[in-house]
Amino acid sequence: NAGVMQNPRHLVRRRGQEARLRCSPMKGHSHVYWYRQLPEEGLKFMVYLQKENIIDESGMPKERFSAEFPKEGPSILRIQQVVRGDSAAYFCASSPPSAGGGNEQFFGPGTRLTVL
Amino acid sequence: GNSVTQMEGPVTLSEEAFLTINCTYTATGYPSLFWYVQYPGEGLQLLLKATKADDKGSNKGFEATYRKETTSFHLEKGSVQVSDSAVYFCALVNTGGFKTIFGAGTRLFVKA
């Protein structure tokens, strides 16, 4: 069973360009989470999605950032008009569907975004 | 609100030394607690977890006990190796919740 997959692993963009980060959850997992790790800091929650639904996006910046998890295909985190402050590692995690929450989340290797 | 506080690093130890990384938490419910490890340039790997009070999580010689009375989940290892050099994150997920709340991380350097 493959783990959570993210691509690309490294992404370089110039200011003003768009960044698209992809995440394929583990097989059987229908819940996807995105986290951002700024240099020398811990991970901060951004958004929680289930198939075709955004459940909680309280950690997403109000502008330029969006996320989706379509019925088919990977989850996408999209950053429009990137700025230098967007440079960070973006981690995706997934968990199986389960009542009660509190489950362990399985993390992908991350995408390291560098904005020049 | 929910939060995790862990000791600041970096922590530098010699090989075979005893390791303790302190972690305390605040939570409105009864969280599950986790320790994750991040090796240089890699993602997070779950090291161990505990889901209720007095549970002890253990893996690869690392241990942590869920102490509800002191709201702590300190990470310990009796004899560290150079290969243990990494950043360690304490984290919680509250009951019925989905957000993993992370501490700031503690960097460990182990010298040969």
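Before going into details, it helps to say that this report is about the structure given with it. Small disclaimer: the values here were computed from a predicted structure and weren't measured.

### Comments concerning the sheet that holds strand S7 (residues 56–59) of chain B
Backbone hydrogen bonds hold the strands of a sheet together, and the pairing may be parallel or antiparallel.
All names here are of chain B.
Moving on, step 1. With antiparallel pairing, four strands are arranged side by side in an open sheet as S3-S9-S8-S7. Every interior strand has two partners, whereas the edge strands, strand S3 (19–21) and S7, have only one. Ignoring which end each strand starts from, the neighbouring axes of this sheet average 15° apart.
Moving on, step 2. Relative to strand S9 (residues 75–77), strand S8 (residues 62–65) runs antiparallel, the two sharing three bridges. In the strand pairing of S9, Phe-62 is matched with Lys-77.

### Some words on unusual backbone geometry
Moving on, step 1. In the segment running from Asn-7 of chain A into Pro-8 of chain A, the intervening peptide bond is cis, with an omega of -5°.
Moving on, step 2. Here the amide bond leading from Gly-9 of chain B into Pro-10 of chain B is cis, since omega sits at -5°, within 30 degrees of zero.
Moving on, step 3. Although it is not a glycine, Arg-64 of chain A sits at a positive phi angle of roughly 75°.
Moving on, step 4. Within the secondary structure layout, Arg-64 of chain A lies in the loop between strand S6 (53–56) and strand S7 (65–68).
Moving on, step 5. Residue Arg-64 of chain A is classed as partly exposed on the basis of its relative accessible area of 25%.

### A closer look at the packing of aromatic side chains
Moving on, step 1. Applying the stated rule across the entire model yields 13 aromatic pairs over all chains.
Moving on, step 2. Ring centres 5.7 Å apart and planes at 90° place the aromatic pair Tyr-35 of chain A and Phe-102 of chain B in the edge-to-face group. Within this pair, whereas Tyr-35 of chain A is found in strand S4 (residues 31–37), its partner Phe-102 of chain B is found in strand S11 (residues 101–102), the two belonging to separate chains. Take Tyr-35 of chain A and Phe-102 of chain B: they sit in the same class, and that class is buried.
Moving on, step 3. By way of ring pairs, the aromatic residues Tyr-33, Tyr-35, Phe-45, Tyr-48 and Phe-107 of chain A together with Phe-34, Tyr-36, Phe-89, Phe-98 and Phe-102 of chain B are connected into one cluster.

### Topic: the environment of His-29 of chain A
All names here are of chain A.
Moving on, step 1. Summarising the element assignment, His-29 is placed in the loop between strand S3 (19–24) and S4.
Moving on, step 2. For His-29 and Ala-93, which are 64 residues apart along the polypeptide, the C-alpha to C-alpha distance reads 9.8 Å.
Moving on, step 3. A polar atom in the side chain of His-29 sits 3.4 Å from the backbone nitrogen of Ser-95.

### Observations concerning the interface of chain A and chain B
Moving on, step 1. Each side of the interface is counted separately: chain A has 23 residues, and chain B has 23 residues.
Moving on, step 2. Where chain A abuts chain B, roughly 1,600 Å² becomes buried across the two surfaces, and 52% of that area is made up of carbon and sulfur atoms.
Moving on, step 3. Linking chain A with chain B are zero salt bridges, by the criterion used here.
Moving on, step 4. At the boundary of chain A and chain B, one finds seven residue pairs in polar contact (both at pLDDT 80 or more).
Moving on, step 5. Of the residues that constitute the side of chain A that touches chain B, the class distribution is eight nonpolar, nine polar and six charged.

Thresholds applied
- Residues numbered from 1 in each chain as written.
- Chains lettered and ligands numbered in written order.
- Predicted model: local features only at pLDDT ≥ 70, side-chain atom pairs only at ≥ 80, totals over all residues.
- Heavy atoms only, no water.
- Pairing = 2+ DSSP bridges.
- Helix = DSSP H or I, 4+ residues; strand = E, 2+ residues; numbered from the N terminus.
- Axes fitted to C-alpha atoms, helices over the stretch in contact; angles between N-to-C directions.
- Buried < 20%, exposed > 50% of the residue type's maximum accessible area, 1.4 Å probe, protein only.
- Phe/Tyr/Trp six-rings, centres within 6.5 Å; stacked < 30°, edge-to-face > 60°.
- Polar contact = N/O pair within 3.5 Å; in protein donor to acceptor, adjacent residues only side chain to side chain.
- Contact = heavy atoms within 4.5 Å.
- Buried area = accessible area lost by both parts, 1.4 Å probe.
- Salt bridge = Lys/Arg side-chain N within 4 Å of Asp/Glu carboxyl O.
- Nonpolar A, V, L, I, M, F, W, Y, C, P; charged D, E, K, R; others polar.

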